Structure formats: structure tokens, C-alpha cells
Amino acid sequence: MSAPQIHPQAIVAAGAKLGPGAQVGAYAIVGEDVDLGEGCVLHAHAVVQGPSRIGRDNIFYPFCVVGGDPQDLRFRRERTELTVGDGNTFREYVTITRGTVGGGGKTTVGSGSLFLASAHVGHDCHVGDHTLFVNGATLAGHVTVEDYVTIGFQSPVHQFCRIGRYAYIGASTVITQDVPPFSRVVTERETKSYGVNTIGLERKGFSEERLKALGRAFRFLLRSKMNTTQALAKMRESLGDFEDVQELIRFIETAERGVVK
């Protein structure tokens, strides 16, 4: 492969090592004691700090910080490490911190994983291969994530927990215990509709007549003893002249995933 390509406005520490074909974009930073593997790409403003050992073909998007100091009050700038395998993607604002002396001194990430924007891997964590961290998925320190795990949107995992192979954690689920392999874990959801967005619609200029018609339509849908089909029939019968109600009916009838009630 070709020699590394470094943008004139990038910063690469004297003690860093760049493998063949590595690319470092404008304003990106490669810190001291970073070994960046063959074919890695740092987009503009990406940061990789050390000591870190990074495998080949990893992609770092703008404003991610990989290999940063552990977020631990006991950290006193001791030498600790991060090791990363091959073929991972770190999207915008992902943060992955090195280990701590008390936790073994090393954070590890395997190969073939995708970390979406704002995901976080804390100190002394060990992440396997082919995992998916959805936006905002967060590991506190000392967490073990095995292969093929999915951690959903804004789902935090407590310190010292283990996530078994092929487990799926749904969005906004708080994990405080170990998650068995092959399992699906999702927090209870009680999303409900409370009727018309009256204040918002008033601010958008809806007349009192339009608001009353919508209010009646939502009462049929939410507060009567009718099922959805019966409620829609009642809306047509008594409120079919109102365009807003017609729009509401069309929306409900074309829903493929059901509607919040």
C-alpha cells in the first residue's frame, strides 16, 4: 500500500506510528504512543490518543475521541492502554477511554463493530467482535460486552455488568445486571396519547372550530369504548366535513405499525 497521507493541518505526534495507507485529515490529531494500523482513516477533527494500539482499516469520524484519559477520579496519569482490532467504525462524538491501574490497565475493543454517534465505552471495558452501539449507548467502567451484541439508543450499562453473546438491548433500557447471551432485554414502555396538541395548534393559528372538531375526534379514538375501526366510522359519520379529521382518519388507516393510543 501507499505511504500514509497526512493533511498539512493535521497534528501527528513524533512518537506516533502510522501504517501504510493510513489517512489523517485536516485538524485531526494522532497523539503520542499511538500505533495506527494499515488503512485507517481519520476524518477531519478526529482524535486518537495513546498509549493505543489500533488495528487496520478502522474509520474515525469527526470529533470522536478514541484512547482518551479514563474518566475516573483516581486516575493520576499512570500509563494505561487501549487496544482496538480491525475494521471498526467510530462515528461522530464517540468516546472510548483507556484503562485504569485498578481495573487492569487496559480497555479493549475487538473487530468489525459499529459505534454510532455519541456512544461511549468507559475505562477497563472489554468489547468483543461485530457489536453495534446505537447512538448514545454507554458503558460505565469495567463492563464486558461479548460478540454480536446490540446496545440500543441511549441505553446505559452499569459498572461491572456483562452482556452475553448475541444479546439485544432495546432503546432507553437501563442495565444494572448481567444480560444473558441470546436474550432480548427491553424496558417496559407505557407511551400514551393524551389527545389534541391544543396549545401548539393554537400557536399555529388553528381556529376554535378546528380544535373542537379534533377534540371530538380524539375522544372517539381514546376515551370511548369503541375500537379503532368503530371510532373511525364515528369520525366519518359526525365529523367527515372537517379536513383535519379527514387527515387524521387517513393517517390512522394507513398506519403499518399501529398508532399510539
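The following paragraphs examine the structure supplied in this document.

Reading the values: the criteria
Residues numbered from 1 in each chain as written. Predicted model: local features only at pLDDT ≥ 70, side-chain atom pairs only at ≥ 80, totals over all residues. Heavy atoms only, no water. Helix = DSSP H or I, 4+ residues; strand = E, 2+ residues; numbered from the N terminus. Buried < 20%, exposed > 50% of the residue type's maximum accessible area, 1.4 Å probe, protein only. Contact = heavy atoms within 4.5 Å. Areas by Shrake-Rupley, 256 points an atom, 1.4 Å probe, with all protein chains shown as cover. Lys, Arg positive; Asp, Glu negative; His and termini not counted. Charge placed at Lys NZ, Arg CZ, Asp CG, Glu CD. Arc of directions from axis to C-beta. Core = buried A, V, L, I, M, F, W, Y, C linked by side-chain atoms within 4.5 Å. Axes fitted to C-alpha atoms, helices over the stretch in contact; angles between N-to-C directions. Parallel < 35°, antiparallel > 145°, perpendicular 65-115°, else oblique. Left-handed = near helix turned anticlockwise from the far one by under 90°. Nonpolar A, V, L, I, M, F, W, Y, C, P; charged D, E, K, R; others polar. Salt bridge = Lys/Arg side-chain N within 4 Å of Asp/Glu carboxyl O. Pairing = 2+ DSSP bridges. Patch = residues over 30% accessible without salt bridge, like charges linked within 9 Å, V, L, I, M, F, W, Y side chains within 5 Å.

A separate point is the overall build of the chain. Each helix and strand in the chain was counted, giving four helices and 26 strands. In terms of overall dimensions, the chain has C-alpha extents of about 75 × 45 × 35 Å along its principal axes. Taking all 261 residues of the chain together, 43% fall into the buried category. Long-range contacts, defined here as pairs at least 24 residues apart, represent 26% of the contacts in the chain between residues at least 6 apart. In the form shown here, the chain has an accessible surface area of approximately 14300 Å², with 51% of it arising from carbon and sulfur atoms. Computing the positive centroid from 28 side-chain charges and the negative centroid from 28, the chain places the two 6 Å apart.

With that settled, consider helix H4 (residues 243-253). When we look at burial in H4, the residues that qualify are Asp244, Val245, Leu248, Ile249 and Ile252. Taken around the axis of H4, the buried residues stretch over an arc of 140°, which confines them to a single face. Pointing more than 90 degrees away from the buried face of H4 are the exposed residues Glu243, Glu247 and Phe251. Its buried side turned inward, H4 meets helix H2 (208-222) and helix H3 (228-239).

What follows is about the nonpolar core. Counting residues in hydrophobic clusters, the biggest one holds 43 residues, and the most contacted among them are Phe60, Phe133 and Leu139. Listed by contribution, the elements that provide at least two residues to this core are strand S6 (34-36) and strand S12 (81-84). Ignoring any residue separated from it by four or fewer positions in sequence, one finds Phe60 in contact with Leu36, Cys40, Val41, Leu42, His43, Ala46, Val48, Ile54, Val66 and Phe90. By size, the runner-up hydrophobic cluster in this structure holds 17 residues, among which are Leu214, Ala231, Leu239 and Leu248.

Packing of H2 against H3 leaves a shortest axis separation of 8 Å and a crossing angle of 155°. Taken together, the axis directions place H2 and H3 in an arrangement best described as roughly antiparallel. As H2 packs across H3, the resulting crossing turns out to be right-handed. Two secondary-structure elements touch here, H2 through Ala213, Arg216, Ala217, Phe220 and Leu221 and H3 through Thr228, Ala231, Lys234, Met235, Ser238 and Leu239. Considered class by class, the residues forming the contact of H2 with H3 number seven nonpolar, two polar and two charged.

A complete count under the given rule lists 14 salt bridges for this structure. Between Asp69 and Arg98 there is a salt bridge, with the nearest N and O atoms lying 3.0 Å from each other. With Asp69 in the loop between strand S11 (65-68) and S12 and Arg98 in the loop between strand S14 (95-97) and strand S15 (106-109), this residue pair connects regions lying 29 residues apart in the sequence. If you follow the salt bridges from partner to partner, you end up with Asp33, Arg53, Arg79, Glu81 and Lys106 in one network.

By the bridge criterion, two bridges tie strand S8 (residues 47-48) to S11 in an arrangement that is parallel. Its bridge partner being in S11, Val47 is matched across the sheet by Val65. One ladder, built from three bridges, connects S11 with S14; its direction is parallel. Looking across to S14, one finds that Val65 is bridged to Thr95.

Within the open sheet, the eight strands sit side by side as S3-S6-S9-S12-S15-S18-S21-S24. Their pairing is parallel. The open sheet has two edge strands, strand S3 (17-18) and strand S24 (162-163), and neither has a second partner.

A surface patch of like charges, here positive, comprises Arg216, Arg219, Arg223 and Lys234. Along the polypeptide, Arg216 turns up in helix H2.

Turning our attention to the pairing of S15. Examined bridge by bridge, S12 and S15 share four bridges and lie parallel to one another. Across the sheet, the residue bridging to Leu82 is Thr107, located in S15. Here S15 pairs with strand S18 (residues 126-127) via two bridges, running parallel. Pairing of Val109 across the sheet is with Val127, part of S18.

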